[in-house]
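Close look at the chain arrangement
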Amino acid sequence: MSTASLTLSLPFFHAPSRRNFRARPTHSPKTFSPHSPFKINHQRTLRQQHSIIMSSSISQPPTITELAVDFQKLLSPSSGLISICGFGSLLSERSAKSTFPDLVNFRVARLNGFRRVFAHVAPIFFERGIAKPETKEISSLSVEPCEGETLIVTVFEIDKSEIPAFMERELEFRFLAVVPETLDGKPFDSPAVLCARYSDEEFFRIRCKGSKETYFQHYGRYGISKIWRDDILPCRTYLRHCVLAAKNLGSAAHNNFLDHTFLGDRKTTIRKYLATTGAGIMEEEPPESLKTRYGG
């Protein structure tokens, strides 16, 4: 993917402040000023306009209508940088810098209207030998809209030259433009890119362009026939890494991760999981070759 090829549909999701939270259509044209930097297709049906009203009672996330937005439009006009929102391994500054060596302005933020869920298979765990398919401990993290939920996340900036590699690396996700806020409730001036839950059908049709060979290269060669699943458990090494990363950000971030991150059932929190079925995970050291990468 060339640096010039940065166009990908990127929905804009702006959750209202938790203090005044109520479900509402977030793709309404009224959300955007006439001078909005986002190119929006106003030819939507009423069903599409109301398609991302959030609900914490459903087992599947609501449909999010993709909008035609260029990643270039999210670049800071003064610096040429784009903001990225981290919620899992990217809670670790060391981990983030292993992926984005030249990132700047790493900081903690709050994101309203989303929850973390362990509900998709990550091929990288198979590549690195830390997936356990026999126990279904093969899941990585994603986020999905959920009314009333709030996440403590990280935000940092990367150069536009890193966008193609970022898009390729996170190919299985839906890219959303979101507006985080500071921990004291002040919205950020610029949106950040968030990797959210996608679907198998969309991934095959849009990202693989219907090519079974492309799907095989990404997933099939690891015996993965379905990406987004609710019946799998966290990869043990990865989960430990994320918990330690959150802990390193402070007690607020640590407790938020434990209480606002769920298994695929959307009921069991990570705090409960680590105290029951997942007991012992935090005492397990990663393989020697991955101690730095998955060390929190």
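Residues numbered from 1 in each chain as written. Predicted model: local features only at pLDDT ≥ 70, side-chain atom pairs only at ≥ 80, totals over all residues. Heavy atoms only, no water.

**Digging into the overall build of the protein**
- When its secondary structure is counted, the protein shows 9 helices and 8 strands.
- When the 296 residues of the protein are sorted by exposure, 52% land in the buried category. (Helix = DSSP H or I, 4+ residues; strand = E, 2+ residues; numbered from the N terminus. Buried < 20%, exposed > 50% of the residue type's maximum accessible area, 1.4 Å probe, protein only.)

**Considerations on helix α8 (residues 251-259)**
- Three or more residues of α8 are buried, namely Ala-253, His-254, Asn-256, Phe-257 and Leu-258.
- For α8, the secondary structure elements touched by its buried residues are β3 (104-121), β4 (137-159), α7 (236-248), β8 (261-262) and α9 (270-275). (Contact = heavy atoms within 4.5 Å.)

**Regarding the state of the cysteines**
- Throughout the structure, instances matching the rule amount to 0 disulfides.
- In this model Cys-85 remains outside any disulfide bridge; the closest cysteine sulfur is found in Cys-195, 9.1 Å from its own.
- Overall, Cys-85 belongs to the buried group, its relative accessible area being 3%. (Disulfide = S-S within 2.5 Å.)

**Description of α7**
- Taking 1.5 Å of rise per residue, 13 residues should cover 18 Å, and α7 covers 18 Å from first to last C-alpha, within 8% of that figure.
- Among the 13 residues of α7, 10 are classified as buried, and the element is accordingly described as predominantly covered. (Expected span 1.5 Å × (residues − 1).)

**Structural notes on the packing of aromatic side chains**
- Taken as a whole and judged by the stated rule, the model has 13 aromatic pairs.
- Aromatic pair Phe-126 and Tyr-222: ring centres 6.0 Å apart, planes at 35 degrees, arrangement tilted. With Phe-126 in helix α3 (residues 123-127) and Tyr-222 in the loop between α6 (212-218) and β7 (233-234), this pair connects stretches of sequence that are 96 residues apart.
- The class of Phe-126 is partly exposed, set by a relative accessible area of 22%.
- Ring geometry for Phe-204 and Tyr-215: centres 6.4 Å apart, planes at 70 degrees, overall edge-to-face. You can see Phe-204 sitting in helix α5 (residues 200-207) and its partner Tyr-215 sitting in helix α6, a full 11 residues away along the chain.
- Among the aromatic residues, those joined into a cluster by ring pairs are Phe-71, Phe-100, Phe-106, Phe-156, Phe-166 and Phe-175.
- Taking the ring centre of Tyr-294 as reference, the NZ or CZ of Arg-293 above it sits at 5.3 Å. (Phe/Tyr/Trp six-rings, centres within 6.5 Å; stacked < 30°, edge-to-face > 60°. Lys NZ or Arg CZ within 6 Å of the ring centre and 35° of its normal.)

**Some details on the side chain of Thr-154**
- Among the structural elements, Thr-154 can be located in strand β4.
- Side-chain polar atoms of Thr-154 contact the backbone oxygen of Leu-90, separated by 2.8 Å.
- Those residues in contact with Thr-154 that lie beyond four places of it in its chain are Ile-84, Cys-85, Gly-86, Leu-90, Leu-91, Phe-106, Arg-107, Val-108 and Leu-249. (Polar contact = N/O pair within 3.5 Å; in protein donor to acceptor, adjacent residues only side chain to side chain.)

**Side note on the pattern of salt bridges**
- A complete count under the given rule lists 17 salt bridges for this structure.
- For the salt bridge of Asp-230 with Arg-266, the shortest nitrogen-to-oxygen distance reads 2.7 Å. Remark: Arg-266 occurs in the loop between β8 and α9 and Asp-230 occurs in the loop between α6 and β7; sequence separation between them is 36 residues.
- A relative accessible area of 29% places Asp-230 in the partly exposed class.
- One network of salt bridges, with partners in common, ties together Arg-115, Glu-144, Arg-197, Asp-230 and Arg-266. (Salt bridge = Lys/Arg side-chain N within 4 Å of Asp/Glu carboxyl O.)

**Description of unusual backbone geometry**
- Here Asn-105, not a glycine, exhibits a phi torsion of approximately 60 degrees, which is positive.
- Following the sequence through the fold, Asn-105 ends up in strand β3.
- Backbone geometry places Arg-266, a non-glycine residue, at a positive phi of 60 degrees.

**As for the environment of Gly-185**
- Mapped onto the fold, Gly-185 is located in the loop between β5 (174-178) and β6 (192-196).
- Residues Gly-185 and Ala-109, 76 residues apart in the sequence, show an inter-C-alpha distance of 9.1 Å.

**Considering the pairing of β5**
- Most of β5 is tucked away, with 5 of its 5 residues classed as buried.
- Because side chains alternate across β5, one face comprises the buried residues Arg-174, Leu-176 and Val-178, and the other comprises Phe-175 and Ala-177, equally buried.
- As paired elements, β5 and β6 share 5 bridges and run antiparallel to each other. If you follow Arg-174 over to β6, its bridge partner there is Ala-196. (Pairing = 2+ DSSP bridges.)

**Remarks on the packing of α7 against α8**
- Interhelical geometry of α7 versus α8 gives an angle of 145 degrees and a closest axis separation of 7 Å. Where α7 approaches α8, its residues Leu-239, Cys-242, Val-243, Ala-246 and Lys-247 are matched on the opposing element by Ala-253, His-254, Phe-257 and Leu-258.
- Classifying every residue of the contact of α7 with α8 gives 7 nonpolar, 1 polar and 1 charged. (Axes fitted to C-alpha atoms, helices over the stretch in contact; angles between N-to-C directions. Nonpolar A, V, L, I, M, F, W, Y, C, P; charged D, E, K, R; others polar.)

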